[in-house]
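Residue-level structural notes
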There are 2 protein chains.
Amino acid sequence: MIQTDINRRSLGVNFNERGEAEVAIWAPLQENVEIILQDKQTIKLTKDDFGYWKTCTKEIKVGDLYKVSLGDDKVFPDPASVSQPEGVHGFSKAVDVQQFKWNDSNWNNLPLEDYVLYELHTGTFTTEGTFAALEGKLSYLKELGINAIEIMPVSQFPGGRNWGYDGVFPYAVQNTYGGPEGLKHLVQACHDIGIAVILDVVYNHMGPEGNYLGAFGPYFTDKYNTPWGNAINFDDEWCDGVRKYFVENVLMWFRDFHIDALRMDAVHAIKDFSATHILREIKQHVNKLMAATGRTHYLIVELDLNDNRFINPLDQQGFGMDGQWVDEFHHALRVTAGEERSGYYSDFNGLVHLAKSYKDAYVFDGQYSPHRKKTFGIKADNNPGKQFVVFSQNHDQVGNRMLGERTSTLVSFEMQKLMAAAVLVSPYLPMLFMGEEYSEPHPFLYFVSHTDPELADAVRKGRKAEFAAFHSQGEAPDPVDEKTFEESKLQWDLLQQPQHKTMFEYYKTLISLRKQEPALKHLNRNQLNVEINEQNQTLLLHRWHEGDHILCVMNFSKSPQPATLPTFKNEWKKLLNSAESIWNGLATAEDRNGAVV
Amino acid sequence: MIQTDINRRSLGVNFNERGEAEVAIWAPLQENVEIILQDKQTIKLTKDDFGYWKTCTKEIKVGDLYKVSLGDDKVFPDPASVSQPEGVHGFSKAVDVQQFKWNDSNWNNLPLEDYVLYELHTGTFTTEGTFAALEGKLSYLKELGINAIEIMPVSQFPGGRNWGYDGVFPYAVQNTYGGPEGLKHLVQACHDIGIAVILDVVYNHMGPEGNYLGAFGPYFTDKYNTPWGNAINFDDEWCDGVRKYFVENVLMWFRDFHIDALRMDAVHAIKDFSATHILREIKQHVNKLMAATGRTHYLIVELDLNDNRFINPLDQQGFGMDGQWVDEFHHALRVTAGEERSGYYSDFNGLVHLAKSYKDAYVFDGQYSPHRKKTFGIKADNNPGKQFVVFSQNHDQVGNRMLGERTSTLVSFEMQKLMAAAVLVSPYLPMLFMGEEYSEPHPFLYFVSHTDPELADAVRKGRKAEFAAFHSQGEAPDPVDEKTFEESKLQWDLLQQPQHKTMFEYYKTLISLRKQEPALKHLNRNQLNVEINEQNQTLLLHRWHEGDHILCVMNFSKSPQPATLPTFKNEWKKLLNSAESIWNGLATAEDRNGAVV
């Protein structure tokens, strides 16, 4: 069995205390594996019992460029490369991941329950599209009140424009964003200002361009078919090397990059029938790391199975994930807010399902889903609120629309405010998508910069096919066109305009309320009541904690509606009314779209 | 969500209290489904919301022959047919499964812990190869001392000769064996004499000939690839109908055929990522049935995952299976007894692994398996002994050898006795394979009677390819040749010969000892100790229960070996010595191959 040292990276090229390069390339079925330096010098490697080709040498120095030869002119970048300064097809750069002047020893990760998340895409968050430019916005984010940024994947992808899910070097940090040094510097800056960093990682597939893993070893299996072709090999022959590759990846981000949490993409597409699921194995290793370092790290998953086995504790035979996204809360909220019931929205009826999601997190927890054409989900009654991440939009829900419209261009200003409140008063972890806090009108479109023309064309076509269910009109913007990328960038100068400024202040106030009010801050799912009036399209969310009570009155209709507040020994005191003129609303006291009292 | 009535069969053709036929054919994507009677009369069906085509009619009577038309000349037998009197391609026969004069109301299923299993194949167990002929052997089996027969699959398969794993009508009982009436009669006879009936069922694939399920609905999915092609659809779109098909199948065997337990074939090949695994759903329904009827039924699985999630209780997030086969005990025992370490045996080192299996059931519970080329299994420390079925041979371990040799022709008479004891003194449920109790020398070969010549040829070729790992010599017997089937039959007249008679008496004595001795009978895994001496090839298994202790001394070497018995307040008393002359052994008291003291 391959042991994993939690204290240091073992794969690829690493440097020991004596400054020697320790090399380990997993290629169990290859006959001859060598390192080739940029100056053509070759370094012989020797295979160990587990299929790792190894050496310890002074010939490779920090900063050297190298590739790996598998014989017969098969020369590729290192699968565990940390830096690809020339992109996915170019040389790997030898990096000492332990070399960085960390200055965040006073930083303590926040309790998960306190997280207010903010999802962003490095390339479009700023004009420059870099980690350095992102750092310039941290004080803005701090002012907004969020305390955890969730960075869309930064693993090296083809070209300079990509959401990140086409990454092919899980260990390498995108060169155009600023590479590994840039990411570390950003994490340091976040910790300085009191913001946690969540990194989005993709362990369910590899991108289509620059994916050389298959040449090195059995990273893939044909036992399972996925939307992206053969599945990553987590349970077939030789899977130990593949599993270690991803376990060490998690450990590197936490240990060497001081990342606070991972958001693991679409773990339902990880096919693993091993007795120990890879996510469980990852959690076991992270527990060891945390015990050794005293730092706290969270594992959050994107999960489309409504199966709380993933988030149940290890000692309850779960996989031990700390949290998961709940897309269903989003779908229910969006339909309640007027979204057309087509495609996957067709399963959601609006208010009833929104109320269910407030109470049960999962909307489908054992019912028949007409869209999925099967019975779906189980109950997650005993999982605390902090295990669920909710949102009114995210990169997928915006960007997977043909025209990438944000909520800002789809619903009224009043409805935007109501949706924001619906998320921020929930008993779950709220997540914003970059720009929603000031009602950014630019779309967030799907964009790529594949260099292979056939592939680029295939992406264009695939994009079109995807929209059959949505019956949208017009042409999908060309994902390969640089303009599509540019149009997806945030327009920071809009914050100077009153309407946008107001929205920002509104979000700021809501986030502040959430942090201050005990009944909002404590995510106790049992101290919660939801009442709806379908005819009026109103929802009353009542939450409490010890003596404190909060009532959230939501009116999703287009006109004023009466609301009967539950009687209570003390009188209700209004904390916030989103429809009031201070928030550019049109409402009188009785004429409100949403209120927290 | 489709509800399942545990009280009666709903699929196919059934008869209500008024004698009307109630028809339900699942064909959710078909446009026009009709019943066609043998006399060409057609009966219209109407589709319900869940894709079941239904009617209630007096036009179909018990005994009528019918097929199902899907339009366009697509006319097939009923997927839920209980009787195929003309084979897999012919008419289905309308059967009232509730019509049988049961006379076993005094029968109570045995506690699982008390089971002594006996696996048999109906077609080769007797010369006639029928349930009726099998009944003639029940008093013999009763005398032997086994109390549960495990019948290899009886679901209708192509032709008359098949192990049963090529069945294509999970509800139909093989016509050449005696059909559904014959099976019920057999169960009745078993219960009369005090023997439980375990039925082997196949829910992981369908046979290659006569498999019309795909024409009716999405019974298969291309999400997963199995050794037998596309997997059965347990978690893809439309899976509800498929899941119900198998859930109702389990219920029918228990409720309408009074089967005591199922042995579910190769459940590791059931691919199901639903939040509720199909086995868990089956268990939930069986629990309801047992509560309603007051009868007890067990679910035992063949499982090659070493994952106790399958056998853990429902309330511990397990799938709730009552037991599982442990092939690894067999492999360890066989290697200890001299089996060549090739193929899957290569992972087993003999004595050390046999000792591990006595203690831990699973040999691989987290170690790297060179044969599987991956780390395999988890610990099953808290699962009671009654959850594990062990054996020194079974239909697979015999029949999957190229020449189908039983242990009787591979090891000495002395070693056969030792292997029998190794199984029968284990803290697990022992299982015999038909004929081993009298040292039957005939092989149990692989045989089929597919009528499609191309398919027959493919089976021949596949059979040859399978033996690459075994490096056996010579030609594989032709599975399609009727001689191969005939040669696999038991030779009952051998029981007249002294050596065979002696073996029978030896088994009988061992089984009797197991039932009588508290330390053997109670399957407490914590009250057990194993010591081995690798040099001498001896193993001491010490088991106890309250004040009773049993010591089993096993000598796997070819010569006498010393054995130091643990000192004990009372002296050890010899209960049985397999090497003594009474068992046709050559041993003096010191010169023994195996002893239970």
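Residues numbered from 1 in each chain as written. Chains lettered and ligands numbered in written order. Predicted model: local features only at pLDDT ≥ 70, side-chain atom pairs only at ≥ 80, totals over all residues. Heavy atoms only, no water.

1. Overview of the sheet that holds strand β5 (residues 46–47) of chain B
All names here are of chain B. Test applied: By this definition, two strands are paired if DSSP reports at least two bridges between them. Helix and strand labels come from DSSP, where a helix needs a run of H or I of at least four residues and a strand needs a run of E of at least two; each type is numbered from the N terminus.
Pairing within the open sheet is antiparallel, and its four strands lie in the order β1-β2-β6-β5. The outermost strands of the open sheet, each flanked by one partner alone, are β1 (12–15) and β5. Looking at chain direction, β5 and strand β6 (residues 52–57) are connected through two bridges and run antiparallel. When the bridges of β6 are listed, Thr46 appears paired with Lys54.

2. Regarding the relation of the copies chain A and chain B
What counts here: The copies were overlaid with a least-squares fit restricted to C-alpha atoms from residues scoring a pLDDT of at least 70 in each copy. Two residues qualify as a contact provided that any one of their heavy atoms is within 4.5 Å of a heavy atom in the partner residue.
In screw terms, the move from chain A to chain B is a rotation of 180° and a rise of 0.0 Å along the axis, fitting with an RMSD of 0.0 Å. The relationship between the two copies is best expressed as a two-fold rotation axis. Across chain A, the smallest distance between a C-alpha and the rotation axis is recorded for Tyr224(A), namely 2.3 Å. The share of interface residues of chain A whose copies in chain B are also at the interface is 100%, consistent with both copies meeting through the same surface.

3. Here's the deal with unusual backbone geometry
Positive phi, close to 45°, is recorded for Glu546(A), a residue that is not glycine. Following the sequence through the fold, Glu546(A) ends up in the loop between β25 (538–545) and β26 (548–555). Despite not being glycine, Gln317(B) has its phi angle at roughly 65°, a positive value. Structurally, Gln317(B) is set in the loop between β18 (298–301) and β19 (323–325).

4. Description of the interface of chain A and chain B
Just so we agree on the cut-off: Throughout, the accessible surface (probe 1.4 Å) given up by two parts as they are put together, summed over both, is called the buried area. Any carboxyl oxygen of Asp or Glu that lies within 4 Å of a side-chain nitrogen of Lys or Arg is treated as forming a salt bridge with it. For the purposes of these results, a polar contact is taken to be a pair of N or O atoms within 3.5 Å, where, inside protein, one atom must be able to donate a hydrogen and its partner to accept one; residues adjacent in sequence count only when each atom of the pair is a side-chain atom. Residues are grouped as follows: Ala, Val, Leu, Ile, Met, Phe, Trp, Tyr, Cys and Pro are nonpolar; Asp, Glu, Lys and Arg are charged; all remaining types, including Gly, are polar.
Opposite the 32 residues of chain A that make contact, chain B presents 32 residues. In this assembly, chain A packs against chain B so that about 2,900 Å² is buried in total across both faces, 52% of it on carbon and sulfur atoms. Connecting chain A to chain B are zero salt bridges. Inspection of the region where chain A meets chain B yields 13 residue pairs in polar contact (both at pLDDT 80 or more). Of all elements in the fold, only β15 (220–226), α6 (239–256) and β21 (374–376) of chain A reach the threshold of two or more residues within the side of chain A that touches chain B. Here the side of chain A that touches chain B takes four residues from β15(A), the largest share from any one element. Partitioned by chemical class, the residues of the side of chain A that touches chain B number ten nonpolar, nine polar and 13 charged.

5. Some points on the side chain of Ser439(B)
Residue and element names in this part refer to chain B. Rules: The rule is simple: take the accessible area with a 1.4 Å probe, protein chains only, and divide by the maximum for that residue type; under 20% is buried, over 50% is exposed, in between is partly exposed.
Turning to its location among the elements, Ser439 is positioned in the loop between β23 (429–433) and α12 (453–466). The exposure class of Ser439 is buried, given its relative accessible area of 8%. Of the polar contacts made by the side chain of Ser439, one reaches the side chain of Gln416; its length is 2.6 Å. Other than its neighbours up to four places away in sequence, Ser439 contacts Ser408, Gln416, His500 and Met503.

6. A short note on the pattern of salt bridges
Residues and elements named next belong to chain B. Per the counting criterion, the structure on display carries 66 salt bridges over all chains. Note that Asp272 and Arg243 form a salt bridge whose closest N and O atoms lie 2.9 Å from each other. Taken together, the residues Asp272 in the loop between β17 (261–264) and α7 (278–293) and Arg243 in helix α6 (residues 239–256) connect sequence positions 29 residues apart. The exposure class of Asp272 is buried, given its relative accessible area of 3%. Look at Arg243 and you get buried, because its relative accessible area is 6%. Here Glu339 makes a salt bridge to Arg401, at a shortest N to O gap of 3.2 Å.

7. Section: the pairing of strand β3 (residues 34–37) of chain B
Residue and element names in this part refer to chain B. Of the two faces of β3, the one carrying Glu34 and Ile36 and the one carrying Ile35 and Leu37 are both buried. For β3 and strand β4 (residues 42–44), the ladder comprises three bridges, and the chain directions are antiparallel. Looking across to β4, one finds that Ile35 is bridged to Ile43. Between the end of β3 and the start of β4, which pair antiparallel, lie four residues, with Lys40 showing a positive phi angle near 80°. The pairing of β3 with strand β7 (residues 65–69) spans four bridges and is classified as antiparallel. Across the sheet, Leu37 pairs through a bridge with Tyr66, a residue of β7.

8. With respect to the sheet that holds β18(B)
Residue and element names in this part refer to chain B. This is how it is decided: In this analysis, axes come from line fits to C-alpha atoms, helices being fitted only over the stretch in contact, and the angle between any two N-to-C directions falls in the range 0 to 180 degrees.
What the eight strands build is a closed barrel, ordered β10-β11-β14-β17-β18-β19-β22-β23; its pairing is parallel. Mean inter-strand twist for the sheet, computed between neighbouring axes without regard to direction, equals 25°. For strand β10 (residues 117–120) and strand β11 (residues 148–151), the ladder comprises four bridges, and the chain directions are parallel. Bridge pairing in β11 links Glu119 to Glu150.

9. Section: the packing of aromatic side chains
Residue and element names in this part refer to chain A. Under the convention used in this document: When the centres of two rings from Phe, Tyr and Trp lie within 6.5 Å, Trp using its six-membered ring, the rings pair. Their planes under 30 degrees apart give stacked, over 60 give edge-to-face, and anything left gives tilted. Charge over a ring is defined by NZ of Lys or CZ of Arg lying within 6 Å of the ring centre and within 35 degrees of the ring normal.
Under the defined criterion, the tally for this structure stands at 72 aromatic pairs over all chains. Between Tyr506 and Tyr507 the ring centres are 6.3 Å apart and the planes differ by 90°, which places this aromatic pair in the edge-to-face class. For Tyr506, a relative accessible area of 0% puts it in the buried group. Aromatic ring contacts, followed pair by pair, group Trp26, Tyr171, Tyr203, Tyr219, Phe234, Tyr245 and Phe246 into a single cluster. The ring of Phe257 is capped by Lys184, whose NZ or CZ atom sits 5.0 Å from the centre of that ring. Lying across the ring of Trp325, Arg263 places its NZ or CZ 4.0 Å from the centre.

10. Overview of the domain arrangement of chain A
Residue and element names in this part refer to chain A. Convention followed: Note that the domain bounds reflect an automated or database-derived domain assignment.
Assigned domains within chain A: domain 1 (12–93), domain 2 (327–453 + 477–527) and domain 3 (528–596). For domain 2 versus domain 3, the distance between C-alpha centres works out to 20 Å. Together, the buried faces of domain 2 and domain 3 total about 2,900 Å²; carbon and sulfur atoms form 69% of this surface. Counting the contacts that link domain 2 with domain 3 gives eleven residue pairs in polar contact (both at pLDDT 80 or more). Breaking the side of domain 2 that touches domain 3 down by element, the ones donating at least two residues are α8 (327–336), α9 (351–360), α11 (413–424), α14 (498–516) and α15 (518–521). Per-element tally for the side of domain 2 that touches domain 3: the top contributor is α14, with eight residues.

11. Let's talk about the packing of helix α11 (residues 413–424) of chain B against helix α14 (residues 498–516) of chain B
Residue and element names in this part refer to chain B. The cut-off we apply is this: Note that the term roughly parallel is reserved for angles under 35 degrees, roughly antiparallel for angles over 145, roughly perpendicular for angles of 65 to 115, and oblique for everything else. Should the near helix be turned counterclockwise from the far one by less than a right angle, the crossing is left-handed, whereas a clockwise turn marks it as right-handed.
In contact at an axis separation of 10 Å, α11 and α14 are set at 20° when each is read in the N-to-C sense. Put simply, α11 runs roughly parallel to α14. Every pair of crossing elements has a handedness; the one defined by α11 and α14 is right-handed. Along its contact with α11, which presents Phe413, Gln416, Lys417, Leu418, Ala420, Ala421, Val423 and Leu424, the element α14 presents Gln499, Thr502, Met503, Tyr506, Tyr507, Leu510, Ile511 and Arg514. Tallied by class, the residues present in the contact of α11 with α14 amount to eleven nonpolar, three polar and two charged.

12. Concerning the packing of helix α8 (residues 327–336) of chain B against α11(B)
Residue and element names in this part refer to chain B. Running from N to C, α8 and α11 cross one another at 150°; their axes reach a closest spacing of 11 Å. In terms of axis orientation, α8 runs roughly antiparallel to α11. Remark: the crossing between α8 and α11 carries right-handed chirality. On α11, the residues touching Phe329, Leu333 and Arg334 of α8 are Met419, Ala422 and Val423. Of the residues in the contact of α8 with α11, the class split is five nonpolar, no polar and one charged.

13. Remarks on the nonpolar core
Basically, it comes down to this: Buried residues of nine kinds, namely Ala, Val, Leu, Ile, Met, Phe, Trp, Tyr and Cys, make up a nonpolar core once their side-chain atoms join them within 4.5 Å.
In terms of nonpolar packing, the biggest core is built from 163 residues, with Tyr118(B), Ile149(B), Trp253(B), Leu262(B) and Met264(B) touching the most fellow members. In this view, Leu262(B) contacts Ile198(B), Leu199(B), Val201(B), Tyr203(B), Val250(B), Trp253(B), Phe254(B), Tyr298(B), Leu299(B) and Ile300(B); residues no more than four positions away in its chain are not counted. Counting 162 residues, the second largest nonpolar core, distinct from the first, contains Ile195(A), Phe319(A), Val411(A) and Leu528(A).

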